[in-house]
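Examination of the molecular architecture
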2 protein chains.
Amino acid sequence: MFKNLWQSRAELVEKNLLAHLRKTPTLEPRLAQAMEYSLLSGGKRLRPILLMAAADAVNGSGEKFLTAASAIEMIHTYSLIHDDLPAMDNDDYRRGKLTNHKVFGEATAILAGDALLTLAFEVLTRQENISAEILLAVVREIGIAAGAAGMVGGQSIDLESENKQIDMATLKKMHLGKTGALFKAAIRSGAILAGADAEKLNALTIYAENFGLAFQITDDILDVIGDEKNLGKPIGSDAKNNKSTYVTLTSLDTAKNLANDAVKLAVDALKNFGGEAEFLRELVKYLVGRNK
Amino acid sequence: MFKNLWQSRAELVEKNLLAHLRKTPTLEPRLAQAMEYSLLSGGKRLRPILLMAAADAVNGSGEKFLTAASAIEMIHTYSLIHDDLPAMDNDDYRRGKLTNHKVFGEATAILAGDALLTLAFEVLTRQENISAEILLAVVREIGIAAGAAGMVGGQSIDLESENKQIDMATLKKMHLGKTGALFKAAIRSGAILAGADAEKLNALTIYAENFGLAFQITDDILDVIGDEKNLGKPIGSDAKNNKSTYVTLTSLDTAKNLANDAVKLAVDALKNFGGEAEFLRELVKYLVGRNK
């Protein structure tokens, strides 16, 4: 049931992403190909799933906000394209496929990322079933989360921390930006779009913060004890690159405990929700136990 | 009078840009420095000036829309940072100063561009004195103009045209995207924000299209007959790089005639406006006669 809903919604998102690409009169075919290549190369579609699940938790309206959900996936995809660039993480593979710049070249990869980020904001304005005031608030929420105070800021901390020991405070700030901010924006946007009151929005925000933390700690754990075949990427890369992680700054056991604590806090935050938030509860428990 | 207004408004824009940067809690100081470096490194501030001048032409409300004007300058600035990257035009200098990546490194330059583009959309949502419906329409207008169907698309055509002869149709499409789209969005956004009726919006759109054309042809002419000291960059770079331009595809005289025709059409488009559009008339005439 939980996995089926995830799967069927991920398919809805993919259809919607493709529909938006097809509607965009891209001036240059190679740019359009590069955008489509990364946007439709799989992935868990976690951020759009979270946006819809948060709207569901408020009033079951998740699928009404497929457009906003797709927009946030475009932002995530652009960030992966730019993070993989030679000047950044210099990765040749992503989810077992060649990275965007390996296929299309660096210049086109930069532009494809730029175009997807821009398209995300355009697409956001096309979300129906919602007042302009609320939609504008969501554009702002996502803008703040994706920019210098959030995702891009976190990536910048990551850059500046290369080959350096960092402390726990810096590690947390980096992840709050790099991955946490967009998770939180996805969940809060879903809640805001669904018209959540202050109490529900606050509860979902606490869920989101702990979800992001559990997700990141689990990522760090999997880089130590994960299975390369399941993960689709080599393990041990954090240690190899001398990266500070939740595991290196504490221990494997402590990291596991921290992840479990975060899951508990995430689930607790939803205590005043009923079955309509069950997906969110299952999702955070599932992610901390995942093997990829 | 005309130059004074331009100058004083450019200063207003610069103050507003800095205020928005200061309000953005950037997670990483080096990223903040890189954003500020390019955003406040001078320039004609043409796009924000155009946005405000279009609002003036409608009802004298130009300075009410300083926030939206600043947002469009952030988009222009991000595009310069990314265009200058080694993978793109590989430029070491811009307006006589080192380019962003020469000072901060490629990775930070990419992120600074990403952060400025994202900040632009956030800042747009903060424009006051306007209904949410209209503001959302402006976010969409600027999103379309800045993305794959506009500015990024035009840059992609430019990339694909490197060391290639292109025809006049491709040249026009490239410039419509690369520079024309954002000029047009600036002018149309100013008009829409000021509440222009369909007739005025249409007239200003025609002005904008011819403004963009006149601007680009003049750029191509200056690359042949300009003065390096005034321009602040070497001339002859188009010929050296085998670039097709309005001059190479026609002749210097024909290009000058095309630019003058465009100025005439731009001015004609404003015939039903009075003195409130005088700035726009003077601006297009000035730009085609400029020497930098």
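Rules used throughout
Residues numbered from 1 in each chain as written. Chains lettered and ligands numbered in written order. Predicted model: local features only at pLDDT ≥ 70, side-chain atom pairs only at ≥ 80, totals over all residues. Heavy atoms only, no water. Phe/Tyr/Trp six-rings, centres within 6.5 Å; stacked < 30°, edge-to-face > 60°. Helix = DSSP H or I, 4+ residues; strand = E, 2+ residues; numbered from the N terminus. Buried < 20%, exposed > 50% of the residue type's maximum accessible area, 1.4 Å probe, protein only. Contact = heavy atoms within 4.5 Å. Buried area = accessible area lost by both parts, 1.4 Å probe. Salt bridge = Lys/Arg side-chain N within 4 Å of Asp/Glu carboxyl O. Least-squares fit on C-alpha atoms with pLDDT ≥ 70 in both. Core = buried A, V, L, I, M, F, W, Y, C linked by side-chain atoms within 4.5 Å. Polar contact = N/O pair within 3.5 Å; in protein donor to acceptor, adjacent residues only side chain to side chain. pLDDT = per-residue confidence, 0-100. Axes fitted to C-alpha atoms, helices over the stretch in contact; angles between N-to-C directions. Parallel < 35°, antiparallel > 145°, perpendicular 65-115°, else oblique. Nonpolar A, V, L, I, M, F, W, Y, C, P; charged D, E, K, R; others polar.

Take the packing of aromatic side chains next. Residue and element names in this part refer to chain B. Per the counting criterion, the structure on display carries 19 aromatic pairs over all chains. Considering the side-chain rings of W6 and Y286, the 5.6 Å spacing of their centres and the 85° angle between planes classify their relative orientation as edge-to-face. With W6 in helix α1 (residues 2-23) and Y286 in helix α15 (residues 278-288), this residue pair connects regions lying 280 residues apart in the sequence. When its relative accessible area of 8% is taken as the criterion, W6 is described as buried. Ring geometry for F183 versus F211: centroids 5.1 Å apart, planes at 80°, classification edge-to-face.

Taken residue by residue, the interface counts 49 residues in chain A and 49 residues in chain B. For the pair chain A and chain B, the summed buried surface comes to about 4200 Å²; carbon and sulfur atoms form 74% of the total. The three residues of chain A that bury the most area against chain B are L27, L111 and L136 of chain A, which together make up 16% of that side's buried surface. At the boundary of chain A with chain B, the tally comes to two salt bridges.

Another aspect to go through is the relation of the copies chain A and chain B. Mapping chain A onto chain B calls for a rotation angle of 180° and an axial translation of 0.0 Å; the resulting RMSD is 0.0 Å. Those values place the two copies in the arrangement expected of a two-fold rotation axis. Taking the C-alpha atom as reference, chain A places A132 of chain A closest to the rotation axis, 2.7 Å from it. Of all interface residues in chain A, 100% are interface residues in chain B too; the two copies therefore contact each other through one and the same surface.

This part is about the nonpolar core. By size, the foremost hydrophobic cluster in this structure holds 190 residues, and its most contacted members are Y207 of chain A together with Y207 of chain B. Once residues lying within four places of it in the same chain are set aside, the contact partners of Y207 of chain B are L50, I187, A266, A269, L270, L280, L283 and V284 of chain B. Core analysis: the next-biggest nonpolar cluster, separate from the first, contains eleven residues, I157, I166, I217 and V247 of chain B among them.

For the rest of this paragraph, the subject is the environment of L117 of chain B. The topology assignment puts L117 of chain B in helix α6 (residues 106-124). Placed 38 residues apart in sequence, L117 of chain B and S79 of chain B show a C-alpha to C-alpha distance of 8.3 Å. What L117 of chain B contacts, discounting residues up to four positions off in sequence, is D114, L117 and T118 of chain A together with I75 and Y78 of chain B.

Here we take up the side chain of Q127 of chain A. Residues and elements named next belong to chain A. If you trace the backbone, Q127 turns up in the loop between α6 (106-124) and α7 (132-146). Here the side chain of Q127 touches T67 through a polar contact of 3.4 Å, landing on its backbone nitrogen. In this structure the side chain of Q127 is engaged in a polar contact, spanning 2.8 Å, whose partner is the backbone nitrogen of A68. Setting aside chain neighbours within four positions, we find Q127 in contact with K64, F65, L66, T67, A68 and L135.

The subject of this paragraph is the confidence of the model for chain A. Atom-level detail of predicted coordinates should not be read off regions where pLDDT is low. The pLDDT averaged across chain A works out to 94; a share of 97% of its residues lies at or above 70. Here the predicted complex carries an ipTM of 0.96, next to a pTM of 0.97.

What follows deals with the pattern of salt bridges. Residues and elements named next belong to chain B. Counted by the stated rule, this structure contains 30 salt bridges over all chains. Between R94 and D84 there is a salt bridge whose closest N-O contact spans 2.8 Å. Note that R94 is positioned in strand β1 (residues 93-94) and D84 in helix α4 (residues 66-84), a separation of ten residues in sequence. Owing to a relative accessible area of 28%, R94 belongs among the partly exposed residues under this scheme. K102 is the salt-bridge partner of D92, the closest N and O atoms lying 3.9 Å from each other. Note that D92 is positioned in the loop between α4 and β1 and K102 in helix α5 (residues 100-104), a separation of ten residues in sequence. Residue classification places D92 among the partly exposed residues on the basis of a relative accessible area of 32%. Accessibility expressed as a relative area gives 44% for K102, which makes it partly exposed.

Turning our attention to the environment of L50 of chain A. Residue and element names in this part refer to chain A. Its location among the elements puts L50 in helix α3 (residues 46-59). The buried category is assigned to L50, whose relative accessible area is 0%. Taking the C-alpha atoms as reference points, L50 and L12, 38 residues apart in sequence, are found 14 Å from one another. Once residues within four sequence positions are removed from consideration, L50 is found in contact with F183, A186, I187, Y207, F211, L280 and L283.

Moving on: the packing of α1 of chain B against helix α2 (residues 29-39) of chain B. All names here are of chain B. Where α1 meets α2, the axes come as close as 11 Å, and the angle between the chain directions of the two elements is 175°. The angle between α1 and α2 falls in the class roughly antiparallel. Residue-level contacts link L17, L18, L21 and R22 of α1 to M35, E36 and L39 of α2. Of the residues belonging to the contact of α1 with α2, the class tally is five nonpolar, no polar and two charged.

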